[in-house]
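The primary structure of each chain is shown beneath.
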Amino acid sequence: MFRLIAPLLALPMLASALARAQPVELEDCRISAGPGMPSMAARCANIVRPLDPSGAVGGEIELRVAVVPALNLNPEPDPLVPLAGGPGQGAVQLYALFAGAFERVRRDRDILLVDQRGTGGSATMDCEFDDDIVEGQYSAEQTIEYTRMCLAQLPHDPRFFTTSVAVRDLEAVREALGYGRLNLYGVSYGSRVAQHFARRYPESTRAMILDGVAAPQKVLGPEIATESQRAVDEILARCIEDSHCGERFPDIDETFARVVRTLAESPMEIEVPHPSHGRPEALTFGRNEFAGAIRLLAYSPSSIALIPLLVHEAGEGRYGPLAAQFLATTISLMDTLSLGMHNSVMCTEDVAFYDGEAINYDLLEASYMGPLQVEALEAICSVWPAGPIDEAFKAPLATELPVLLLSGTADPITPPAWADLAMVEMANALHLIGEDQGHGQVNVGCMPDIIAEFIASAELSALDAQCLRRSFVMPFFVDFSGPAP
C-alpha cells in the first residue's frame, strides 16, 4: 500500500496548466434528492477537471455543478457551499433534502452545489452493491475478492478521489464561476472537507460551519462501535428515567443486551415487506443486521424515539420491525453512497493511519456492533490503492477564520469531544451543543436562524443561541401509535 504525497508548493507547472479553471456558462435545470422526489429550479453546468491534477496520470472527469440563485437580485459575492457526508454522498442530494434549513441564507446568497468527484453526477465511482457484504455475511477473504471485483468495475483510477484532490476541484469551480470567498457548511465527513479547503485556500474562505465534526486528528472506524454503544446506552438510560418509557419498557437496557446475545448465537430467518415494492423479502437477521438497524436509528432524535419500542418488540421475539428497518437502511445506503469514492477516502485518510496496537478489539467485541466494521475496512483497504494526501492533513486546522462548530450530545459517531479536538488551534471559534440531539444539527429547532445570522455577519460574538434550549426532542414511542399523550 502506498500514499502519494502532493504538497501544494511541489506541483509542477504542468499541473497548474491542467488545473486552471475556465469560465463556464450555467444553464437552467432542476435538481432533486432523487427519483420521485420534489425538484427545484437551479442553474447547472458540467466542469471538466483533470483526473490527476499533478499531470502525472492522464485523463479527465466532469464535475456536476449547480447554483440555486439567491432571492435577492443583487446577492452577496460569497455563496454558501454545502459539503456532504458519507463519505460518498453528493452535495446536490444533501441540499435537496435540507433546502428549507438554508432558505434564510438564500435570501442574500447563492447556494453553490458541487457534487464531490466520485459522487452524485461527478464521475460517480460506484460498483454493484452486494447485500451480503452489508449484512456481514462475507469473510475477510470474500470481502477482498468482492473488493477486487469492485475495483475492476470502476470507470476511473480510484487513487484520485481523495479529499486532497477534491478541494482543488472546489477552488477551480469558485474561480470558474467568478465567486469571491466561500462560506462552507460541512456535515460529518463534509466537515473534514471544509477544514482542509480552509487549510489549503484560506484566502478563498470567508466562514465555516462544521456540523457533526470529524476532527482531523481522528481516524474514522475504530471508535464507531464504541461511540455508538455510548450513545445507545444514554438513549436507554433516558428511557428508563422517563416516566412513560420506563414504565412501558422496564429494564430495557437488559432487554437490549439479551437481544444482542440471542442474535449473535442464533440469527433468525424471517420475511419482511420490501420497502420498494412491498413483496416479502427473505432475510437472515442476526447481530450484524440488528447493529445496522440500531446504528442508523441512533442518528436522529425522531428515529431515536423508536429504539426502545423496537428493542422491546425484538425482546418479545418479534424481529420484523427491526428487520424491516435494516432492509430500508441498506437500500438507502445503496442509493445514497458512492462505494468507490467512500473506499478511496477511507483507505487513504483513515485506515492507512490505524494503529493496530491501539485498537481495543475486546472493547469492540463487547459493543453491540462488534468489530465487523473495522475488520471489513481493513480487508477492503488491504487491496484498495491509496491516493494523494496533503502534508499536515491530519493536523488540527490553525486558523483565524470564524468557525461555528455544532454537535449533539446523543451523536453516535462524532461526539462533542471531537469538535473540541478540531478547534484546539482555531482562534475564532464557537462550539454549540444540542442536548439529546443526534448527528447533524442543521435542521434542529432554531439552528437555521443561527446559521443565517452567522453567515450574514461572519461574527460569532453576536450569536444568540439561547433558543437551542427549547429545541424539540421527540418523546419516546410507547407503542406504534406514538408517544404517551
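Before reading on, note that the structure itself is shown above.
Residues numbered from 1 in each chain as written. Predicted model: local features only at pLDDT ≥ 70, side-chain atom pairs only at ≥ 80, totals over all residues. Heavy atoms only, no water.

1. Points about the nonpolar core
Counting 104 residues, the largest nonpolar core has Leu112, Phe290 and Ile294 as its most contacted members. Per-element tally for this core: the top contributor is helix H8 (residues 224-241), with six residues. (Core = buried A, V, L, I, M, F, W, Y, C linked by side-chain atoms within 4.5 Å. Buried < 20%, exposed > 50% of the residue type's maximum accessible area, 1.4 Å probe, protein only. Helix = DSSP H or I, 4+ residues; strand = E, 2+ residues; numbered from the N terminus.)

2. Side note on the packing of helix H15 (residues 339-349) against helix H17 (residues 372-381)
Packing of H15 against H17 leaves a shortest axis separation of 10 Å and a crossing angle of 95°. Classified by the angle between their axes, H15 and H17 sit roughly perpendicular to one another. Contacts between H15 and H17 pair His342, Asn343, Met346 and Cys347 from the former with Leu377, Ile380 and Cys381 from the latter. Broken down by class, the residue content of the contact of H15 with H17 amounts to five nonpolar, two polar and no charged. (Axes fitted to C-alpha atoms, helices over the stretch in contact; angles between N-to-C directions. Parallel < 35°, antiparallel > 145°, perpendicular 65-115°, else oblique. Contact = heavy atoms within 4.5 Å. Nonpolar A, V, L, I, M, F, W, Y, C, P; charged D, E, K, R; others polar.)

3. So, helix H11 (residues 287-297)
Each α-helix turn comprises 3.6 residues. Residues three or four places apart therefore point the same way. For H11, the buried fraction is high: eight of the eleven residues fall into the buried class. For H11, every residue scored as buried is listed here: Arg287, Glu289, Phe290, Ala291, Ala293, Ile294, Arg295 and Leu297.

4. Points about helix H2 (residues 91-98)
Counting buried positions along H2 yields six of eight residues, so the element is predominantly enclosed. Residues of H2 that are buried: Ala91, Val92, Gln93, Leu94, Tyr95 and Ala96.

5. Here we look at the pairing of strand E7 (residues 182-187)
For E7, the tally of buried residues reaches six of six residues, placing the bulk of the element in the interior. Along E7, one buried face is formed by Leu182, Leu184 and Gly186 and the opposite face, lined by Asn183, Tyr185 and Val187, is buried too. With four bridges joining them, strand E5 (residues 80-83) and E7 adopt parallel strand pairing. Paired with Leu83 across the two strands is Gly186, which belongs to E7. Where E7 and strand E8 (residues 205-211) come together, six bridges link them in parallel fashion. The residue of E8 that forms the bridge with Val187 is Asp211. Handedness of the crossover joining E7 and E8 through helix H7 (residues 189-200): right-handed. (Pairing = 2+ DSSP bridges. Right-handed = clockwise from strand over helix to strand, strands pointing away.)

6. Describing a negative patch on the surface
On the surface, a cluster of negative charge is contributed by Asp233, Asp251, Asp253 and Glu254. Looking at the secondary structure, you find Asp251 in the loop between helix H9 (243-248) and helix H10 (252-265). With a relative accessible area of 46%, Asp251 lands in the partly exposed category. (Patch = residues over 30% accessible without salt bridge, like charges linked within 9 Å, V, L, I, M, F, W, Y side chains within 5 Å. Areas by Shrake-Rupley, 256 points an atom, 1.4 Å probe, with all protein chains shown as cover. Salt bridge = Lys/Arg side-chain N within 4 Å of Asp/Glu carboxyl O. Lys, Arg positive; Asp, Glu negative; His and termini not counted. Charge placed at Lys NZ, Arg CZ, Asp CG, Glu CD.)

7. Side note on the state of the cysteines
Evaluation of the coordinates by the stated rule reveals five disulfides. Two residues, Cys29 and Cys44, share a disulfide whose sulfurs are 1.8 Å apart. Taking the sign of the S-S torsion, 60° for the link of Cys29 and Cys44, the bridge is right-handed. Residue Cys29 is found in strand E2 (residues 27-32), and its partner Cys44 is found in strand E3 (residues 39-50); the two are separated by 15 residues along the sequence. The same class applies to Cys29 and to Cys44, which are both buried. (Disulfide = S-S within 2.5 Å.)

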